[in-house]
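# Secondary and tertiary structure notes
Residues per chain, in single letters:
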Amino acid sequence: MTTHREPLDSVLDTVGETPLVRVHGAPEDVPVYAKLESFNPGASVKDRIGAYMLEAMLDSGELPEGGTVIEPTAGNTGIGFAVAAGQLDVDAVFVVPERFSVEKQTLMDALGADVINTPTEDGMGGAIERAHELAEELDDAVVPQQFSNPLNTEAHYELTGPEIHDALDGEVGAMVAGCGTAGTLMGTAGYLREHNPDTHVVAVEPTGSLYATTKGRDVDEAEYKTEGIGTHDPSTNELFDPEFVDDVVQISDRDTHAELQRLAREEGHLVGSSSAANSLAAIDVAEAIAAGEVDAPHDSVVTVFPDSSERYLSKGIYGDYEEWEG
Ligand code: PMP
């Protein structure tokens, strides 16, 4: 990473301080910036919570030295926890619904973690249940529970938020980010709002996801291909606070797929589908600010590109829309 100029002792020292790069598809007068989280050692935003949560749980004694971390995860969180667990002498077990990408599961395995699959039709709920069953069978195991653990949000409040604030000298008009657990948006925007209570905060989800219902919107539930964001049951995502969010933007898989290809072709970003959804939503917000439809304290929008497209090549993301398995 460009900001790491000294020799470092461990990959954990390379978590965070990721670049903030302009997205040129946005209006000139309201720039959009994306935080490129694939620069983390496990190549996603989730390395931040992996290192932060494990260190915090070891410090507090909640996770015993040499203990086991068991997490239900769509993949990137597993990689983030596996990178940190390996360096902190913790065993790692991940429970992953089958539909998630094979690349992620291969990487968790390479990092020394055990991967257990649950049926796709049982969703994340099935994976969460299995993780707790496994934890009960061991006496030194902890389930960090990224969907409800405040340490997830805190990692972004302590790290991602200040990095964005400092990079733009505090001039952040809006923070726009896709919500899986919502830790990224809640923590980052939490920090930014503390410095400027008028910061506009927008959550992003794929069309078919149900976060919008928490804002009283009548949206239809459907399957979606975009990976890493969205929910079929907002009540399981305890970190998401609808009161804190000004708006929830839905982006269709088809638009996301086209944007993911545009970002590569025109801007050189090799990013996953959630990055493309974030890009479109952030551009929409920038256009609304430019048109005077949204009040923001500064003419700028920040979003996050959570991971890289290399993680999804096996799913045909650079092929035709119909071929993309999602
Ligand atoms: N994009 C990708 C690719 C992810 O793996 C995740 C995490 N599920 C997110 C976005 C959303 O991050 P968060 O859980 O912090 O809302």
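Residues numbered from 1 in each chain as written. Predicted model: local features only at pLDDT ≥ 70, side-chain atom pairs only at ≥ 80, totals over all residues. Heavy atoms only, no water.

## What to know about the overall build of the protein chain
Of regular secondary structure, the protein chain possesses eight helices and 10 strands. Here the protein chain has a C-alpha radius of gyration of 19 Å; the compact-globule value for 326 residues is 20 Å, and the two agree. Looking at the protein chain as a whole, 58% of its 326 residues are labelled buried. Within the protein chain, residue pairs in contact and separated by at least 24 positions form 71% of the contacts whose partners lie at least 6 positions apart. Only carbon and sulfur atoms are counted for the fraction: they give 45% of the accessible area of the protein chain, which is about 13,500 Å². Averaging the coordinates of the 17 positive side-chain charges in the protein chain and doing the same for the 63 negative ones gives two points 7 Å apart. (Helix = DSSP H or I, 4+ residues; strand = E, 2+ residues; numbered from the N terminus. Rg over C-alpha atoms; globule rule 2.2 N^0.38 Å. Buried < 20%, exposed > 50% of the residue type's maximum accessible area, 1.4 Å probe, protein only. Contact = heavy atoms within 4.5 Å. Areas by Shrake-Rupley, 256 points an atom, 1.4 Å probe, with all protein chains shown as cover. Lys, Arg positive; Asp, Glu negative; His and termini not counted. Charge placed at Lys NZ, Arg CZ, Asp CG, Glu CD.)

## Examining the packing of aromatic side chains
The final tally for this structure, using the stated rule, is three aromatic pairs. Consider the rings of Tyr321 and Trp324, whose centres lie 6.2 Å apart with planes at 65 degrees: the pair is edge-to-face. On the basis of relative accessible area, Trp324 is assigned to the buried category, the value being 3%. Note that Arg193 overlies the ring of Phe244, its terminal NZ or CZ placed 4.7 Å from the centroid. Directly above the ring of Tyr321 sits Lys225, whose terminal nitrogen or CZ lies 4.3 Å from the centroid. (Phe/Tyr/Trp six-rings, centres within 6.5 Å; stacked < 30°, edge-to-face > 60°. Lys NZ or Arg CZ within 6 Å of the ring centre and 35° of its normal.)

## Here we look at the side chain of Thr231
Structurally, Thr231 can be placed in the loop between β8 (200-206) and β9 (247-251). What makes Thr231 buried here is its relative accessible area of 6%. Engagement of the side chain of Thr231 in a polar contact is seen with the side chain of Asn237, the distance being 3.4 Å. Once you skip the residues sitting within four places of it in the chain, Thr231 turns out to touch Ser209, Leu210, Tyr211, Tyr224, Thr236 and Asn237. (Polar contact = N/O pair within 3.5 Å; in protein donor to acceptor, adjacent residues only side chain to side chain.)

## Quick notes on the sheet that holds strand β1 (residues 20-23)
Strands sit in the order β1-β2-β10-β7-β8-β9 across an open sheet of six strands; the sheet is mixed. The open sheet terminates on both sides in strands that have one partner only, identified here as β1 and β9. On average, each strand axis in the sheet is tilted by 30 degrees relative to the strand beside it, whichever way the strands run. Along the sheet, helix α6 (residues 183-195) makes contact with β7 (174-178), β8 and β10 (301-305), crossing β7 at roughly 170 degrees. (Pairing = 2+ DSSP bridges. Axes fitted to C-alpha atoms, helices over the stretch in contact; angles between N-to-C directions.)

## Overview of the packing of helix α1 (residues 46-60) against helix α2 (residues 76-87)
Axis separation between α1 and α2 bottoms out at 7 Å; the angle between their running directions is 45 degrees. Regarding the angle of α1 to α2, the classification is oblique. In the crossing of α1 with α2, the sense of the turn from one axis to the other is right-handed. Across the interface between the two elements, Lys46, Asp47, Ile49, Gly50, Ala51, Met53 and Leu54 of α1 pack against Asn76, Thr77, Ile79, Gly80, Phe81, Ala84 and Ala85 of α2. (Parallel < 35°, antiparallel > 145°, perpendicular 65-115°, else oblique. Left-handed = near helix turned anticlockwise from the far one by under 90°.)

## What about the site of the ligand?
Inspection of the region around the ligand gives 16 residues, with Gly180, Thr181, Ala182, Thr184 and Ser274 positioned closest. Between Gly228 and the ligand, the recorded distance is 2.9 Å, taken from a backbone N or O atom to a nitrogen atom. With the chains in place, 95% of the 390 Å² that the ligand exposes on its own is no longer accessible. By residue class, the composition of the shell around the ligand is five nonpolar, eight polar and three charged. (Near = heavy atom within 4 Å. Nonpolar A, V, L, I, M, F, W, Y, C, P; charged D, E, K, R; others polar.)

## Concerning the confidence of the model for the protein chain
For the protein chain, per-residue confidence averages 95 on the pLDDT scale, and residues scoring 70 or more make up 99% of the total. Highest mean pLDDT in the protein chain belongs to β7 (99); lowest belongs to helix α3 (residues 102-110) (87). (pLDDT = per-residue confidence, 0-100.)

## Observations concerning the domain arrangement of the protein chain
Along its sequence, the protein chain is organised into domain 1 (11-41 + 150-323) and domain 2 (46-142). Taken together, the 29 residues of domain 1 in the interface contact 24 residues of domain 2. When the two sides are added together, the surface that domain 1 and domain 2 hide from each other amounts to roughly 2,100 Å², 58% of it contributed by carbon and sulfur. For domain 1, the biggest contributors to the area lost against domain 2 are Leu12, Leu151 and Arg311; these three give 31% of the whole. In this structure, the connection of domain 1 to domain 2 is made through three salt bridges. The leading source of residues in the side of domain 1 that touches domain 2 is helix α5 (residues 150-167), at nine residues. Taken together, the residues that form the side of domain 1 that touches domain 2 break down as 10 nonpolar, eight polar and 11 charged. (Domains from an automatic or database assignment. Buried area = accessible area lost by both parts, 1.4 Å probe. Salt bridge = Lys/Arg side-chain N within 4 Å of Asp/Glu carboxyl O.)

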